[in-house]
Amino acid sequence: MSQWTTVCPLEAILPATGVCALVGEQQIALFRPYADDQLFALSNIDPFAQASVLSRGIIAEHQGELWVASPLKKQRFRLRDGRCLEDEAHSVTAWPVRVRDGLVEVSA
């Protein structure tokens, strides 16, 4: 049984942006690529720079998939599963995320 943690209202995440949330002891980057309620949750830690910056990355589409590019070293991480395009050994954790009654919830 997974435990869902309420993070923020959906409206707190503007379309085409990301925000960082502390869920338990995990820094989680939440991304909202479009104006709908589709969300993605990844670790906020850039594994190349060891910095908490992925939520500030640029969301882009590449070969039909959504990615976030790290603002520091520009490596791309797939939003649906955290896979690093440039080096799979440096992929990041992805968590289930949902919107329930207008609130963003993460299962971490």
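Here is what the cut-offs are and how they apply
- Residues numbered from 1 in each chain as written.
- Predicted model: local features only at pLDDT ≥ 70, side-chain atom pairs only at ≥ 80, totals over all residues.
- Heavy atoms only, no water.
- Pairing = 2+ DSSP bridges.
- Helix = DSSP H or I, 4+ residues; strand = E, 2+ residues; numbered from the N terminus.
- Buried < 20%, exposed > 50% of the residue type's maximum accessible area, 1.4 Å probe, protein only.
- Polar contact = N/O pair within 3.5 Å; in protein donor to acceptor, adjacent residues only side chain to side chain.
- Contact = heavy atoms within 4.5 Å.
- Salt bridge = Lys/Arg side-chain N within 4 Å of Asp/Glu carboxyl O.

Engineer: I'd like to hear about the pairing of strand E11 (residues 97-100), residue by residue, with values.
Structural biologist: Sheet topology note: the E11/strand E12 (residues 103-106) ladder contains 4 bridges and is antiparallel. The residue bridging valine 97 from the neighbouring strand is valine 106, located in E12. As consecutive antiparallel partners, E11 and E12 are separated by 2 residues, and within that stretch aspartate 101 has a phi angle of approximately 55°, a positive value.

Engineer: Run through the environment of leucine 22, naming residues and quoting values.
Structural biologist: Here leucine 22 is to be found in strand E2 (residues 17-23). Taking the relative accessible area as the measure of exposure, leucine 22 reaches 64% and is therefore exposed. Sequence spacing of leucine 22 and leucine 66 is 44 residues, and the spatial spacing of their C-alpha atoms is 23 Å.

Engineer: A description of unusual backbone geometry should follow, citing residues and the corresponding values.
Structural biologist: Positive phi outside glycine occurs at alanine 16, with the angle close to 70°. By the element assignment, alanine 16 lies in the loop between strand E1 (5-9) and E2. In this structure, lysine 74 takes a positive phi of about 70° despite not being glycine. Along the chain, lysine 74 turns up in the loop between strand E8 (65-69) and strand E9 (76-78).

Engineer: Kindly report on the side chain of asparagine 44, identifying the contributing residues and their values.
Structural biologist: Here asparagine 44 shows up in the loop between strand E4 (40-43) and strand E5 (45-46). According to the relative accessible area criterion, asparagine 44 is buried, its value standing at 1%. A polar contact of 3.5 Å, which involves the side chain of asparagine 44, links it to the backbone oxygen of serine 52. Residues within four places of asparagine 44 in sequence aside, it is in contact with Cys20, Gln27, Ile28, Ala29, Ala51, Ser52, Val53, Leu54 and Ser55.

Engineer: So what's going on with the environment of cysteine 8? Residues and values would help.
Structural biologist: Along the polypeptide, cysteine 8 turns up in strand E1. Put simply, cysteine 8 and aspartate 46 are 38 residues apart on the chain and 23 Å apart in space, counted from C-alpha to C-alpha. In this structure, cysteine 8 is in contact with Ile13, Leu103 and Val104, ignoring residues within four places of it in sequence.

Engineer: Account for the pattern of salt bridges, with residues named and values stated.
Structural biologist: Tallied over the full model, the rule gives 7 salt bridges. Arginine 80 serves as the salt-bridge partner of aspartate 81, at 3.7 Å between the closest nitrogen and oxygen. Here arginine 83 and glutamate 88 are joined by a salt bridge, their closest N and O atoms 3.1 Å apart. Using a relative accessible area of 23% as the deciding quantity, one classes arginine 83 as partly exposed.

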